[in-house]
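One letter stands for each residue in the lines below.
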Amino acid sequence: MGNRRALITGITGQDGSYLSEYLLELGYEVHGLVRRVALEDHRHRLHRIEHLLDRLILHSGSVENYPSIFRLLASHPFDECYHLAAQSFVGEDFEEGFATMSINISSTQYILSSIRELQPQCRFYFAGSSEMFGRAAAAPQDEETRFRPRSSYGISKVAGFELTRNYREAYDMFACSGILFNHESPRRGFEFVTKKIASGVALIAHGAQDHLTLGNLDAQRDWGHAADYVQVMWLMLQQDAPDDYVVATGQLHTVREFCELAFAQIDRDYRDHVRVDPRFFRPTEDIPLCGNAQKARSQLGWQPQRTFPDLVREMVEHELYRRRSELNSSRQTGLGS
Ligand code: F7E
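Residues numbered from 1 in each chain as written. Predicted model: local features only at pLDDT ≥ 70, side-chain atom pairs only at ≥ 80, totals over all residues. Heavy atoms only, no water.

1. A closer look at the nonpolar core
- In this structure, Leu 23, Tyr 82, Tyr 125 and Trp 302 are the most contacted members of the largest nonpolar core, which totals 39 residues.
- Listing elements by their share of this core, those giving two or more residues are β1 (5-9), α1 (14-25), β2 (29-34), β5 (123-129), β6 (175-180), α9 (226-236), β11 (245-247) and α11 (294-300).
- With residues up to four places along the chain from it excluded, the contact list for Leu 23 reads Ala 6, Ile 8, Tyr 28, Val 30, Tyr 82 and Trp 234.
- Leu 33, Phe 78, Met 173 and Ile 179 belong to the second-largest nonpolar core, a separate cluster that totals 30 residues. (Core = buried A, V, L, I, M, F, W, Y, C linked by side-chain atoms within 4.5 Å. Buried < 20%, exposed > 50% of the residue type's maximum accessible area, 1.4 Å probe, protein only. Helix = DSSP H or I, 4+ residues; strand = E, 2+ residues; numbered from the N terminus. Contact = heavy atoms within 4.5 Å.)

2. Some remarks on the site of the ligand
- Of all residues adjacent to the ligand, which total 21 residues, the nearest are Ser 88, Ser 129, Lys 196, Arg 221 and Arg 282.
- Within the side chain of Tyr 153, one N or O atom sits 2.8 Å away from an oxygen atom of the ligand.
- When isolated, the ligand has an accessible area of 700 Å², and the protein chains bury 95% of it.
- For the shell around the ligand, the residue count by class is 10 nonpolar, 6 polar and 5 charged.
- For the shell around the ligand, the domains that each give at least three residues are domain 1 (5-185 + 223-247) and domain 2 (193-220 + 252-288 + 298-329). (Near = heavy atom within 4 Å. Polar contact = N/O pair within 3.5 Å; in protein donor to acceptor, adjacent residues only side chain to side chain. Areas by Shrake-Rupley, 256 points an atom, 1.4 Å probe, with all protein chains shown as cover. Nonpolar A, V, L, I, M, F, W, Y, C, P; charged D, E, K, R; others polar. Domains from an automatic or database assignment.)

3. Here's the deal with helix α4 (residues 66-75)
- Within α4 the residues assigned to the buried category are Ser 68, Ile 69, Leu 72 and Leu 73. Down the axis of α4, the smallest arc covering the buried residues is 125°, so these residues share one side. Along α4, the residues that are exposed and aim more than 90 degrees away from the buried face are Arg 71 and Ala 74.
- The secondary structure elements touched by the buried residues of α4 are β1, β2, β3 (56-60) and α6 (97-118).
- Two or three places before Ser 68, at the opening of α4, Asn 65 has a side-chain oxygen 2.9 Å from that residue's backbone nitrogen. (Arc of directions from axis to C-beta.)

4. Examining the domain arrangement of the chain
- Along its sequence, the chain is carved into domain 1 (5-185 + 223-247) and domain 2 (193-220 + 252-288 + 298-329).
- One C-alpha centre belongs to domain 1, the other to domain 2, and the line joining them spans 26 Å.
- Contacts between the two partners involve 27 residues from domain 1, matched on the other side by 22 residues from domain 2.
- Summed over both sides, the interface between domain 1 and domain 2 buries roughly 2100 Å², with carbon and sulfur atoms accounting for 60% of that surface.
- Considering only the surface of domain 1 that becomes buried against domain 2, Arg 150, Trp 223 and Asp 228 emerge as the three largest contributors, covering 34% of it.
- Summed over the shared surface of domain 1 and domain 2, the result is 1 salt bridge.
- Here Arg 306 ties to Asp 228 by a salt bridge, and the two come within 2.5 Å at their closest N and O atoms. (Buried area = accessible area lost by both parts, 1.4 Å probe. Salt bridge = Lys/Arg side-chain N within 4 Å of Asp/Glu carboxyl O.)

5. Some thoughts on the pattern of salt bridges
- If you walk through the whole model with that rule in mind, you get 19 salt bridges.
- Note that Arg 256 and Asp 218 form a salt bridge whose closest N and O atoms lie 3.0 Å from each other. One end of the pair, Arg 256, is in helix α10 (residues 255-264); the other, Asp 218, is in the loop between β8 (212-214) and β9 (220-221), with 38 residues separating them in the sequence.
- Since its relative accessible area comes to 27%, Arg 256 is described here as partly exposed.
- With its nearest N and O atoms 3.2 Å apart, the salt bridge here joins Asp 277 to Arg 279.

6. Details of unusual backbone geometry
- The peptide bond linking Ala 139 to Pro 140 adopts the cis configuration, its omega dihedral lying at -5°.
- Considering the arrangement of structural elements, one finds Pro 140 in the loop between β5 and α7 (152-171).
- The phi torsion at Asp 172 lies on the positive side, around 60°, for a residue other than glycine.
- Position of Asp 172 among the secondary structure elements: in the loop between α7 and β6.
- Asp 172 sits in the exposed class, given a relative accessible area of 71%.
- Even without being a glycine, Asp 267 presents a positive backbone phi close to 55°.
- Tracing the backbone through its elements, the reader meets Asp 267 in the loop between α10 and β13 (274-276).

7. Here we look at the environment of Ser 330
- By the secondary structure assignment, Ser 330 is in helix α12 (residues 308-336).
- Looking at Ser 330, the relative accessible area reads 43%, which means it is partly exposed.
- C-alpha of Ser 330 to C-alpha of Gly 178: the two residues are 152 residues apart in sequence and 43 Å apart in space.

Here's what the structure looks like:
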């Protein structure tokens with residue numbers, strides 16, 4: 001596999017960090033585009049890739065800035081480009097619609113256009129999302145299901161998906177989209193419900209908090225593990241022909257089930273600790289988002305390794321460990337002062 005070279009946008013995020021690990025293991029030279037502020041504030045902004053920093057090549061720049069993308073692609077030849085950077089929180093989206101649309105759409109076009117002009121042989125992956133299905137007319141959703149996005153985030157992802165398809169068809173580029181359903185891990189951001197629950201459970205276990213406030217407990221999601229999902233991104237770019245694929249577990253779980261399992265891990269009943277606040281509610285889905293990943297399974301040979309209970313356990317264990325370490329270090333600091 002040797003010296004293949006990959007560029008990852010969004011390398012500091014959950015998926016970027018798992019994909020970096022995966023590509024490094026395969027022997028790739030891995031480059032990332034990172035904002036200057038992140039490079040200056042290593043500890044906070046690069047925490048997910050801190051353990052990899054001596055093996056990665058980071059470039060200062062922003063996907064919102066065409067010249068920085070163009071310059072990077074003009075100076076380094078890449079075999080593969082994974083475009084993961086995006087404003088990705090759906091909840092905030094109703095308020096922040098303008099920024100979400102303009103950042104997510106223009107960044108994708110900047111990258112596709114630069115690749116076309118400078119390195120048309122470079123294979124391109126676009127991070128699509130189940131949010132593109134929005135108010136889906138049918139379940140489960142697959143590659144043939146019509147998109148009916150109902151958030152600026154979903155609309156921006158449909159635009160990125162269509163841009164990717166168009167560059168593939170009009171310019172014969174090897175450009176693919178993965179339509180990824182929710183994927184979580186201990187590296188998930190705190191604004192997402194799984195991380196919010198796992199970290200709330202740890203705070204409650206340590207007596208730092210008594211309850212956790214959530215939105216709709218009956219909301220359903222098709223939750224997978226991010227480490228399983230990044231493998232499929234790589235697989236898509238290793239095929240003979242570019243194509244788009246749905247990536248999902250095909251199994252639905254409610255926020256309530258996540259809570260039940262997470263609290264059971266500290267021998268508590270979630271009903272004693274979870275409060276519901278309509279502030280966190282989103283418009284309800286008549287037909288839940290649940291993916292059919294048959295095409296990825298049969299054509300790419302992909303198979304998720306981790307189950308839903310594995311995911312909950314890993315996330316809660318991680319948060320319990322993190323809280324314990326924080327408490328120990330604050331005790332030590334207290335002793336020393
Ligand atoms: O919400 C419900 C909420 O914010 C999951 C992103 O990666 O996946 C993610 O988007 C569900 C929703 O993720 C709370 O209403 C209840 O039904 O964790 P989430 P998301 O919106 O599904 C898709 C595929 C993406 O592409 C996105 O980038 O949980 N929920 N109570 C809550 N959600 C949050 N955040 N907080 C609550 O308190």
